[in-house]
Amino acid sequence: MLKKIGLIGGGYIGGVLTQEIAQRGLAREIGLVDPAPMVNPNDPPERQEVVKKQSVSIGKALGIAEGLPTIGRDIKIVGSKDYSSLKGAELVINTAGVPRKARPDGTFPSREELLTINLKVTSQVAEGIKANCPDAIVINIANPLDAIVFALYKKLLPPKNKLFGMAGVLDSGRYCYFVAEAAGVSVENVNALVLGGHGDDMVPVRSSCQIAGIPVEKFLPAETLAKIEARTRKAGGEVVGLLGFGSAFVSPAWAALEMAEAIIFDKKKIIPVCALLEGEYGFKGLFVGVPAIVGRNGVEKVIEVDLTADEKAALAKSVAGVKKTCDEAEAMLAKI
Ligand code: APR
């Protein structure tokens, strides 16, 4: 159990994280930050006064805290509209930003639009961490994942083990789920790995996919696997399209908690995470989805797996996409 976990963003994922951290007893205290709802200066003064008194984070923290006696968990949950409730957090999970949300006409905001908005939010997040818990290990969930982790790195300059992104657990989980469904076996039997960026070019690694330790090709024909891998690459968008109000929120929260528990219990668990590469897989200076040993110190060691020639080429393509987004992010950050 940690003394304190800080959660930035009290939306859908932040809410599930708060609930699960309390339920699992992972920390003595949770600090939940969210500025919403923000006062609109164009609203009539009476409306502004009402909004000033409202708070998503304080309300959500109170709503969950009131259930603690029922589940028998003696922890403290504090919400704030500013970043003060992060004070002293040893681990921070960031979900702050605007998710990919369908517009009323069914179209989505462009990546660039989302990037601009979320980089501004990320600058505030970095300031909040610096001021309140500069030594915390930080797990980022906010999208576009690779660029936001990169931006946090540029703003915080932490030791490389202390900052990483959540995507691989979720993407690999999706791959496992689709394989289990197609093969008609338990999800517990499937082991799979997805590498690269958290975008449509991510790399589901068929050569690492096994069912009860047996290569997946023994169970499913190549064309079924190709369809599953294509679906995995676009699985986030599939949920966004179905929900119509935002993106998946329970599976991302569970995925981040798998990483958090590996840290809290010093598990030394091999997990796919978005980590800074310094030559591994032939890449340098970029955050990329790779398997790593995760323990009390965060990302303790990146593991290099053998890839087929096709998988290597797919990873290079995915990383080129990550680099392009990070270059864009760096240029935008200079103007923020
Ligand atoms: N500081 C803290 N929180 C902020 C800030 C900020 N500067 N700006 C916005 N937020 C809050 C919003 O008020 C909102 O409550 O971040 C929260 C995001 O929550 P949701 O919109 O419900 O989004 P969620 O589904 O939780 O996803 C969060 O994770 O998977 C990614 O794409 C997803 O980037 C998105 C993030």
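Only a predicted model underlies this, so the values are computations on that prediction, with no experimental measurement involved.

A. Representation of the overall build of the protein within the structure. When its secondary structure is counted, the protein shows 11 helices and 14 strands. Its C-alpha radius of gyration of 20 Å places the protein within 12% of the 20 Å reference for a compact globule of 336 residues. Classification of the 336 residues of the protein by burial places 48% in the buried group. Within the protein, contacts between residues at least 6 apart in sequence are counted, and of these 69% link residues at least 24 apart. Just so you have it, the protein exposes about 15,500 Å², and 55% of that area is on carbon and sulfur atoms. Considering the protein, the positive charge centre built from 40 side chains and the negative charge centre built from 38 side chains are found 3 Å apart.

B. Representation of the pattern of salt bridges. In total, this model carries 18 salt bridges according to the counting rule given. A salt bridge links E181 to R231; its shortest N-O distance comes to 4.0 Å. Residue E181 is located in helix α7 (residues 168–183), and its partner R231 is located in helix α8 (residues 222–233); the two are separated by 50 residues in the primary sequence. Judged by its relative accessible area of 49%, E181 falls in the partly exposed class. Residues joined by salt bridges that share partners form a network here, namely E20, R24 and E261.

C. Region of interest: the packing of helix α6 (residues 145–156) against helix α11 (residues 309–335). Between α6 and α11, the least distance of the axes is 9 Å, while the angle of their chain directions is 45°. What the angle tells us is that α6 and α11 run oblique. As α6 packs across α11, the resulting crossing turns out to be right-handed. Residue-level inspection shows D146, A147, F150, A151, K154 and K155 of α6 in contact with α11, the latter providing V322, T325, C326, A329, E330 and L333. Each residue belonging to the contact of α6 with α11 can be placed in one class, and the counts come to seven nonpolar, one polar and four charged.

D. Main features of the nonpolar core. Formed by 57 residues in total, the largest nonpolar core has its most connected members in I5, L17, I21, L91, I139, F164 and V273. Broken down by element, the residue count for this core peaks at nine residues, all from helix α10 (residues 250–264). When we break this core down by domain, the ones giving at least three residues each are domain 1 (2–165) and domain 2 (168–333). With residues near it in sequence (within four places) discarded, F164 still touches I137, V138, I139, N140, V149, M259, I263, V273, C274, V294, G298 and V299. Judged by nonpolar contacts, the second largest core, of 32 residues, contains V121, L156, C274 and L276.

E. Examining the site of the ligand more closely. With respect to spatial proximity, 19 residues lie near the ligand, and among them Y12, I13, D34, Y83 and Q124 are the closest. Y83 has a polar side-chain atom sitting 2.6 Å from a nitrogen atom of the ligand. The protein chains hide 88% of the 720 Å² of surface that the ligand would expose on its own. Of all elements in the fold, only α1 (12–24) and α5 (111–132) reach the threshold of two or more residues within the shell around the ligand. When its residues are assigned to classes, the shell around the ligand shows 11 nonpolar, seven polar and one charged.

F. A look at the sheet that holds strand β7 (residues 190–191). Within the open sheet, the three strands sit side by side as β7-β10-β11. Their pairing is antiparallel. The open sheet has two edge strands, β7 and β11 (214–215), and neither has a second partner. In terms of strand pairing, strand β10 (residues 210–211) meets β11 through two bridges, oriented antiparallel. When the bridges of β11 are listed, Q210 appears paired with P215.

Conventions and cut-offs
Residues numbered from 1 in each chain as written. Predicted model: local features only at pLDDT ≥ 70, side-chain atom pairs only at ≥ 80, totals over all residues. Heavy atoms only, no water. Helix = DSSP H or I, 4+ residues; strand = E, 2+ residues; numbered from the N terminus. Rg over C-alpha atoms; globule rule 2.2 N^0.38 Å. Buried < 20%, exposed > 50% of the residue type's maximum accessible area, 1.4 Å probe, protein only. Contact = heavy atoms within 4.5 Å. Areas by Shrake-Rupley, 256 points an atom, 1.4 Å probe, with all protein chains shown as cover. Lys, Arg positive; Asp, Glu negative; His and termini not counted. Charge placed at Lys NZ, Arg CZ, Asp CG, Glu CD. Salt bridge = Lys/Arg side-chain N within 4 Å of Asp/Glu carboxyl O. Axes fitted to C-alpha atoms, helices over the stretch in contact; angles between N-to-C directions. Parallel < 35°, antiparallel > 145°, perpendicular 65-115°, else oblique. Left-handed = near helix turned anticlockwise from the far one by under 90°. Nonpolar A, V, L, I, M, F, W, Y, C, P; charged D, E, K, R; others polar. Core = buried A, V, L, I, M, F, W, Y, C linked by side-chain atoms within 4.5 Å. Domains from an automatic or database assignment. Near = heavy atom within 4 Å. Polar contact = N/O pair within 3.5 Å; in protein donor to acceptor, adjacent residues only side chain to side chain. Pairing = 2+ DSSP bridges.

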